[in-house]
Amino acid sequence: MARPKPSDFDDSALFFHRHPRPGKLEIQATKPLGNQRDLALAYSPGVAAPCLAIADDPDLSAEYTARQNLVAVVSNGTAVLGLGSIGALAAKPVMEGKAVLFKKFAGIDVFDIEVDETDVDRFVDVVTALEPTFGGINLEDIKAPECFEIEAALRARMNIPVFHDDQHGTAIIVGAAVLNGLSLAGKVIGDVRIVASGAGAAALACLDTLVSLGARRENIWVTDIDGVVYAGRKAGMDRWKARFAQDTEARTLAEAIGGADVFLGLSAGGVLKPEMLATMAPDPLILALANPTPEIMPELARETRPDAMICTGRSDYPNQVNNVLCFPYIFRGALDVGATTINEAMKLAAVRAIADLAREAPSDVAARAMGGEAKTFGPESIIPSPFDQRLILRIAPAVARAATDSGVAKRPIDDFDAYLDRLTRFVFRSGVIMKPAIAAAKADPRRVAYADGEDERVLRAAQIAIEDGIARPILIGRPNVIDVRRKRFGLSFSPETDCDIINPEDDPRYRAYVDLYFSKVGRRGINPETARTVVRTNATVIAALAVEIGDADAMICGLEGRFINHLRDIGQVVGLKPDAHAFSALSLLINTHGSYFLTDTHVTMDPGAEEIAEMTRFAAKEIRRFGIEPRAALVSTSNFGSRECDSAIKMRRAVEMLWDADPDLEVDGEMHGDAALSAVFRERVMPTSKLTGEANLLVFPNLDAANISLNLLRAMTDALYVGPILLGAARPAHILTPSVTSRGVLNMTALAVVGAQEAAPRAETDIAEAAP
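Fair warning: this is a prediction, and the values are worked out from it, not measured in the lab. (Residues numbered from 1 in each chain as written. Predicted model: local features only at pLDDT ≥ 70, side-chain atom pairs only at ≥ 80, totals over all residues. Heavy atoms only, no water.)

All right, on to the overall build of the chain then. Helix and strand counts for the chain stand at 32 helices and 21 strands. For 772 residues, the compact-globule formula gives about 28 Å, and the C-alpha radius of gyration of the chain, at 31 Å, lands near that figure. Along the three orthogonal principal directions, the C-alpha set of the chain runs to about 95 × 75 × 55 Å. Contacts in the chain between residues far apart in sequence, at least 24 positions, make up 71% of those at least 6 positions apart. (Helix = DSSP H or I, 4+ residues; strand = E, 2+ residues; numbered from the N terminus. Rg over C-alpha atoms; globule rule 2.2 N^0.38 Å. Contact = heavy atoms within 4.5 Å.)

Structure (structure tokens):
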């Protein structure tokens, strides 16, 4: 049969897979091979030591090799997506794609293994022989009923997790959807009637999971291409399907579906007709999971039954049943405890973790992925978004705990708080470096005024700040708008009790704020009438006045508008601290190579030597709040005197000032960027440098160099950005950028609180007194 002509999307997909290099995977070394000693340690003779250790104790392979974080995605290509039996080699792009998902969502390394074998016993022999290589096996795109036999045989013969995602991944998400859908409908799983269209691997695994969750087998009706699976049927039957045979006269889906509470479709598009749907019980749950065309289109289902809750397998409709919701995180939990299998307890733990997460407020990442607004728990949101970053934080610990409790964990986790912290650091790369600041903020939370109090990112950050005890938010904005948006985004904090609001349109502090503002700017061309207008309309000024007058301990602004305008407002109201001559901005980039601070990235166009020395001292002090000892490099076009120019001379003078003013600070310059980041390069030209190792603070000669470097490094290394951190202000005040995420707002909230703690001991500011 002739293939359809490729579409533009097909052409794009082919280009994507071909360029800039074929495929979607590569292997990277995790150990350095920079010299002869490295090579001797990595291979002969050093490699003999771990080999002998593993020979004595095979469990040590988890400590000395990558095995415990390595999964095989194995297929024979007999049931590939919607393409059917296309063979092992043709299935390779799909398996590479699966590998990418494992790595992206759970940090798990994968080798895709395409086995050109359809005989069950021979396929099982091949995979079983791979056990020394892998910590787990993910079976993929193997047709039924062979997939049942293969998985059962491998589970019996192998002492590592074996998981057929097409069966159990779908079943776990369906289980979560059914639990939540029935909860919304006020129904009990043991009482509901379930009708399935399709009796393949995924459908039968879904039904088995529902039975484990409490559904009764006598309430389950299965149909396939030959009609109802009934007792005594001969056509198209097998022992797995026969378990659900009913003693009934019904022979078609139309005859079986009357009064059903749940329809489970894993069959073909359009099989569920509107007239069939009309006969179902009140508040039915429709899981129409055929792809690309569901068993009934959601629009038609809603037109027929407005009370129906609908799930599909498509990303363009709510409630997408997507296996990426679970398989990376189930393996994450299983690998982290050295599980010998993935048992029913672990799968059910994943079901409940997913169901519970759907009931939480949606994350901002999920909201952006869904076009700007993620729905709160309800008929159109009974399962989480696949983009919800919290999936790993809920599912992996639940699976790990279930493995431990059920006795299949070889390395049980003793401290689940520490484990959750490790997962959090994976999800939010700022986790490690921000931990000291967040811990300090929690120990002594303060009041933080948010100029952009109506912004979704601020509201989400405020929710977490309240939940985690980091700060008491003061939201500057209209109370009705804040409340409407809080509800729209599914946030649970109470504006009456959990935070404070400054309403620019009507606040009893208005007159006092105007008087204070005029006292600051009255001799700078601002008349009383203008002052009154500014205090009504400029949220940054309001936040700064709240800090200055003592209603807040710190402020955050900048989510809208120009940085320089916010800086002007802060300078006019808050001003500089006594030992500062100018503001400067410190930015933090976190990438795969480490954490790097850059200054001054946002404020002074061409600072002098004195200003550079000052901003370096302020930056070093700020870096110590992260629990990091600063190592500063003043970078230049000159490398330790290799060039005489104004900027090089300026940087050289600044270094000398720093040596005199702060002899304990590890700082050197002027130097090239590569010398700052490589001790080897630096020692070649300056073996007596006062800087040791790799610099973590890069000080630039001007704003152009700093800001361009910041944005290039951020984009080229896919770095996480924290900042900008405003230095030199008399009170904690930070100006963010319009691209900041809610996580970025939260990080800066913690830093603002720590700054407030240093500025005013607890005796001077009591958060309890700020609460209504």
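With that settled, the discussion passes to unusual backbone geometry. At the junction of Ala-144 and Pro-145, the peptide bond is cis and its omega measures out at 5 degrees in the coordinates. Checked against the element boundaries, Pro-145 lands in the loop between strand S3 (136-139) and helix H7 (146-157). The peptide bond linking Gly-669 to Glu-670 adopts the cis configuration, its omega dihedral lying at -5 degrees. As for its position among the elements, Glu-670 is in strand S18 (residues 666-671). Even without being a glycine, Asp-141 presents a positive backbone phi close to 55 degrees.

Here we take up the side chain of Ser-689. Mapped onto the fold, Ser-689 is located in the loop between helix H29 (679-685) and strand S19 (697-699). The buried category is assigned to Ser-689, whose relative accessible area is 15%. A polar contact of 3.1 Å, which involves the side chain of Ser-689, links it to the backbone nitrogen of Leu-691. Look past the residues within four positions of Ser-689 in its chain and what remains in contact with it is Phe-640, Asp-668 and Arg-682. (Buried < 20%, exposed > 50% of the residue type's maximum accessible area, 1.4 Å probe, protein only. Polar contact = N/O pair within 3.5 Å; in protein donor to acceptor, adjacent residues only side chain to side chain.)

Let us now look at the pairing of strand S17 (residues 631-635). The buried fraction of S17 is high, at four of five residues. As paired elements, S17 and S18 share five bridges and run parallel to each other. Residue pairing for S18: Leu-634 is matched across the bridge by Gly-669. Where the polypeptide runs from S17 across helix H27 (residues 646-661) and back to S18, its parallel neighbour, the crossover connection is right-handed. (Pairing = 2+ DSSP bridges. Right-handed = clockwise from strand over helix to strand, strands pointing away.)

This paragraph deals with the nonpolar core. In this structure, Ile-137, Leu-139, Leu-207, Leu-287, Ile-330, Met-346 and Ile-395 are the most contacted members of the largest nonpolar core, which totals 104 residues. Contact partners of Ile-137, with chain neighbours within four places excluded, come to Ala-72, Val-74, Val-127, Met-158, Ile-160, Pro-161, Val-162, Phe-163 and Phe-331. (Core = buried A, V, L, I, M, F, W, Y, C linked by side-chain atoms within 4.5 Å.)

Moving on to the packing of helix H26 (residues 609-624) against H27. Running from N to C, H26 and H27 point in directions that differ by 50 degrees, and their axes come no closer than 8 Å. When the interaxial angle is binned, H26 and H27 end up oblique. Between H26 and H27 the crossing geometry is right-handed. Taking contact as the criterion, the partners of Ala-609, Glu-610, Ile-612, Ala-613, Thr-616 and Arg-617 in H26 are, on H27, Lys-650, Met-651, Arg-653, Ala-654, Met-657, Leu-658 and Ala-661. Its residues placed into classes, the contact of H26 with H27 shows eight nonpolar, one polar and four charged. (Axes fitted to C-alpha atoms, helices over the stretch in contact; angles between N-to-C directions. Parallel < 35°, antiparallel > 145°, perpendicular 65-115°, else oblique. Left-handed = near helix turned anticlockwise from the far one by under 90°. Nonpolar A, V, L, I, M, F, W, Y, C, P; charged D, E, K, R; others polar.)

For the rest of this paragraph, the subject is the sheet that holds strand S5 (residues 194-197). What the six strands build is an open sheet, ordered S7-S6-S5-S8-S9-S10; its pairing is mixed. With partners counted over all chains shown, the strands left at the sheet margins are strand S7 (227-228) and strand S10 (309-312), one partner each. Note that strand S8 (residues 262-265) and strand S9 (residues 285-288) share four bridges and pair parallel. When the sheet's bridge partners are listed, Leu-264 is paired in S9 with Leu-287.

Turning next to a nonpolar patch on the surface. Nonpolar side chains collect at one region of the surface, where Leu-33, Leu-39 and Tyr-43 lie side by side and expose about 350 Å² of accessible area between them. Looking at where Leu-39 falls in the secondary structure, it is placed in helix H2 (residues 36-42). Taking the relative accessible area as the measure of exposure, Leu-39 reaches 44% and is therefore partly exposed. (Patch = residues over 30% accessible without salt bridge, like charges linked within 9 Å, V, L, I, M, F, W, Y side chains within 5 Å. Areas by Shrake-Rupley, 256 points an atom, 1.4 Å probe, with all protein chains shown as cover. Salt bridge = Lys/Arg side-chain N within 4 Å of Asp/Glu carboxyl O.)

Another aspect to go through is the pattern of salt bridges. Inspection of every chain in the model, using the stated rule, returns 44 salt bridges. Among the salt bridges present, the one from Glu-529 reaches Arg-532, with a minimum N-O distance of 2.7 Å. Highlighted residues: Glu-529 and Arg-532, both in helix H23 (residues 528-537), separated by three residues, approximately one helical turn. Overall, Glu-529 belongs to the partly exposed group, its relative accessible area being 48%. Note on Arg-532: relative accessible area 35%, which makes it partly exposed. The salt bridge partner of Lys-621 is Glu-758, with a shortest N-O separation of 3.1 Å. With a gap of 137 residues between them, Lys-621 in helix H26 and Glu-758 in helix H31 (residues 742-759) connect regions that are remote in the sequence.

Let us now look at the environment of Ile-354. Mapped onto the elements of the fold, Ile-354 is located in helix H15 (residues 344-358). Look at Ile-354 and you get buried, because its relative accessible area is 0%. Separated by 181 residues in sequence, Ile-354 and Ile-173 place their C-alpha atoms 7.4 Å apart. Look past the residues within four positions of Ile-354 in its chain and what remains in contact with it is Ile-172, Ala-176, Leu-325, Cys-326, Pro-384 and Ile-395.

By the element assignment, Gln-463 lies in helix H20 (residues 456-468). For Gln-463 and Ala-661, which are 198 residues apart along the polypeptide, the C-alpha to C-alpha distance reads 43 Å. Ignoring anything within four residues of it in the chain, the contact list for Gln-463 reads Leu-491, Ser-492 and Phe-493.

On to the confidence of the model for the chain, then. On average, residues of the chain carry a pLDDT of 89, and 95% of them reach 70 or more. Averaged over each element, pLDDT in the chain is lowest for helix H32 (residues 767-770) (41) and highest for helix H6 (residues 120-128) (97). A low-confidence stretch, residues 368-372 (pLDDT under 50), is modelled with five contacts involving residues beyond four sequence positions or located in other chains. Contacts of residues 763-772 to residues separated by more than four positions or lying in other chains number 19 contacts, the stretch itself having pLDDT below 50. (pLDDT = per-residue confidence, 0-100.)

Tracing the backbone shows Asp-553 in the loop between helix H24 (539-549) and strand S14 (554-557). Within the structure, Asp-553 has its side chain in polar contact with the backbone nitrogen of Arg-447 (distance 2.9 Å).

Below, the discussion takes up the environment of Gly-333. Among the structural elements, Gly-333 can be located in helix H14 (residues 327-336). Measuring from C-alpha to C-alpha, the distance between Gly-333 and Ala-361 comes to 24 Å, with 28 residues separating the pair along the chain. Residues contacting Gly-333, with those up to four places away along its chain left out, are Ala-396, Val-399, Ala-400 and Tyr-419.

What follows concerns the packing of aromatic side chains. Considering all chains together, one arrives at seven aromatic pairs under this definition. A centroid spacing of 6.1 Å and a plane angle of 85 degrees characterise the contact between Phe-111 and Phe-134, whose relative ring orientation is edge-to-face. Here Phe-111, found in strand S2 (residues 109-114), pairs with Phe-134, found in the loop between H6 and S3; they are 23 residues apart in sequence, far enough to count as distant. Judged by relative accessible area, Phe-111 falls into the partly exposed class, the value being 35%. (Phe/Tyr/Trp six-rings, centres within 6.5 Å; stacked < 30°, edge-to-face > 60°.)

Moving on to the sheet that holds S14. Across the sheet, which stays open at both edges, the five strands sit in the order S13-S12-S11-S14-S21 with parallel pairing between neighbours. If you trace the sheet from one side to the other, it starts and ends with strand S13 (500-502) and strand S21 (733-735), each paired once. Sheet twist, expressed as the average angle between the axes of neighbouring strands with direction ignored, equals 20 degrees. Alignment of strand S12 (residues 471-476) against S13, held across three bridges, turns out to be parallel. Directly across from Ile-474, in S13, lies its bridge partner Asp-500.

For the rest of this paragraph, the subject is the pairing of S14. Neither face of S14 is open: one carries Ala-554 and Ile-556, the other Met-555 and Cys-557, and all of them are buried. Pairing geometry for strand S11 (residues 446-450) and S14, over three bridges, is parallel. If you follow Tyr-450 over to S14, its bridge partner there is Ile-556.

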